[in-house]
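Residue-level listing of the chains:
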Amino acid sequence: MTTTPTKEGSAAVQARRVLVLNSGSSSVKYQLLDMNDRSRLAIGLVERIGEETSRLLHTPLTGGDAETRERTGRIADHAAALKAAAEELAADGLGLDSPELAAIGHRVVHGGLRFTEPTVITDEVLTEIERLVPVAPLHNPANITGIRTAEALRPDLPQVAVFDTAFHTTMPEYAARYAIDVETADAHRIRRYGFHGTSHAYVSRKAAELLGRAPEEVNVIVLHLGNGASASAVAAGRCVETSMGLTPLEGLVMGTRSGDIDPAVTFHLKRVAGMSTDEIDVLLNKKSGLVGLCGDNDMREIRRRIDEGDERAALAFDIYVHRLKKYIGAYSAVLGRVDAVVFTAGVGENSAPVREAAIAGLEELGLVVDAGLNAVRSGEPRLISPNYARVAVAVVPTDEELEIADQTFALVGQAESAGQQVPVGQVDN
Ligand code: AMP
């Protein structure tokens, strides 16, 4: 273990920048934020890591015109990706060796039941994230690689894990448990964890702000509709139900995932269609949802095809919206009283037809969309329901990176102002 036990005098250096890293299996997204005003200094993406066609896109945001620079050619691994990103940042005078950098915040997909809050990463924390790999085989290994790589780059800095599952750990046991044999479930940690928690937390809080109320005073249904999609029911600021489960496969119809399905379909595919477990995994995660139904997972393309009279695209849209409606109804029942239904992420923020169709016919639940307001395009949180509506319908752009930066900075700041030593350099490489 490389140990530099404390970040000596760190508070003395006005360290108010946070680097946010979102490491996927073959990509790293990064953002550098200035926590004085929570503005972005630079954003970037390295994709197709390990392939000949790797690409880095880097956009400094400190100057007038945000001009994206591109690097192409093989970037061998995550360490090389982060090194390349660091070089781009340095070229803008934003080098990661700067004393202004306070911490690195990592998106970590699965935190199980243990991690209910953002957590400073130590060896022990990393071991626990590794122990969760069996329930998040696609995501946690990439997150661990990102953490180790960042640690090697700045061993003197606190690294913070912000978990996608954390916001959902408040779900009551009766919502989180599957109705299967308890011993089997517990032995294999099978339960509903939920994902996209950082987005659900941010958006539900912003929605309360939009309503001019405290989060503790409102009940909201959040519909995070991106390529992955999930719904959550948030009562008084706490998640009480969400649509994703043990993995992100459960729930809504997504870009490439089926969402809810009778589990017997999988036995059937195995026994009758002779498919292997891995083939079924790929079918349900990558070849289903909108792409499986009509060949496209981009809602813009689906709408274009519908306008041209394409029936497969129209049916895919109807199935997508029908599932959404079922969840809005179910979560209205779970919450009892709903103050707002909130749309977010790529589809939720941009597709007026999806919002209109999902809310259509729900007047008995107090839900109405104003066509004029729904047609407005804006990057700001906004209401799309008429004044007279009993329940607000809103669009709130999500910002998972800002939420990760806020949580990271708050955690490091709290520890320092309480005079605690923030563990740094405690991750073995
Ligand atoms: P996300 O995962 O949140 O980045 O969302 C990506 C998805 O958002 C894409 O696959 C599209 O289906 C959808 N999307 C993005 N922009 C638009 C748009 N202008 N209109 C409709 N859908 C959009």
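Refer to the structure presented above.
Residues numbered from 1 in each chain as written. Predicted model: local features only at pLDDT ≥ 70, side-chain atom pairs only at ≥ 80, totals over all residues. Heavy atoms only, no water.

1. Regarding the site of the ligand
Stated formally: Nearness is defined per residue: one heavy atom within 4 Å of the molecule or strand is enough. Nitrogen and oxygen atoms within 3.5 Å of one another constitute a polar contact, given that in protein one can donate a hydrogen and the other can accept it, and given that sequence-neighbouring residues count only through two side-chain atoms. Accessible areas in this description were obtained via Shrake-Rupley with a 1.4 Å probe; residue shielding takes into account the shown protein chains only. Secondary structure elements are defined from DSSP: runs of H or I of at least 4 residues count as helices, runs of E of at least 2 residues count as strands, and each element is numbered from the N terminus. By the convention adopted, Pro, Cys, Tyr, Trp, Phe, Met, Ile, Leu, Val and Ala count as nonpolar, Lys, Arg, Asp and Glu as charged, and the other residues, Gly among them, as polar.
The environment of the ligand is formed by Gly 226, Asn 227, Asn 297, Asp 298, Met 299, Arg 300, Ala 345, Gly 346, Val 347, Asn 350, Ser 351 and Arg 377. The separation between an oxygen atom of the ligand and a polar main-chain atom of Met 299 is 2.8 Å. Alone, the ligand offers 500 Å² of accessible surface; in the complex the protein occludes 69% of this. By residue number, the principal contributor to the shell around the ligand is helix H12 (residues 345–350), which donates four residues. Within the shell around the ligand, the residues separate by chemical class into three nonpolar, six polar and three charged.

2. A few points about unusual backbone geometry
We note that Arg 38 has phi near 60 degrees; this positive angle belongs to a residue other than glycine. Note on placement: Arg 38 falls in the loop between strand S2 (28–34) and strand S3 (39–47). Of note, the phi angle at Ala 236 is positive, near 50 degrees, even though the residue is not glycine. Along the chain, Ala 236 falls in the loop between strand S10 (229–235) and strand S11 (238–242).

3. Some words on the side chain of Ser 243
Applied cut-off: In this analysis, two residues are considered to be in contact whenever any of their non-hydrogen atoms come within 4.5 Å of each other.
By the secondary structure assignment, Ser 243 is in the loop between S11 and helix H7 (264–271). Within the local environment of Ser 243, its side chain forms a polar contact with the backbone nitrogen of Ala 231, the two atoms lying 2.8 Å apart. Those residues within four positions of Ser 243 in sequence are excluded, and the remaining contacts are Arg 192, Ser 230, Ala 231, Glu 250, Gly 251, Leu 252, Tyr 327 and Tyr 331.

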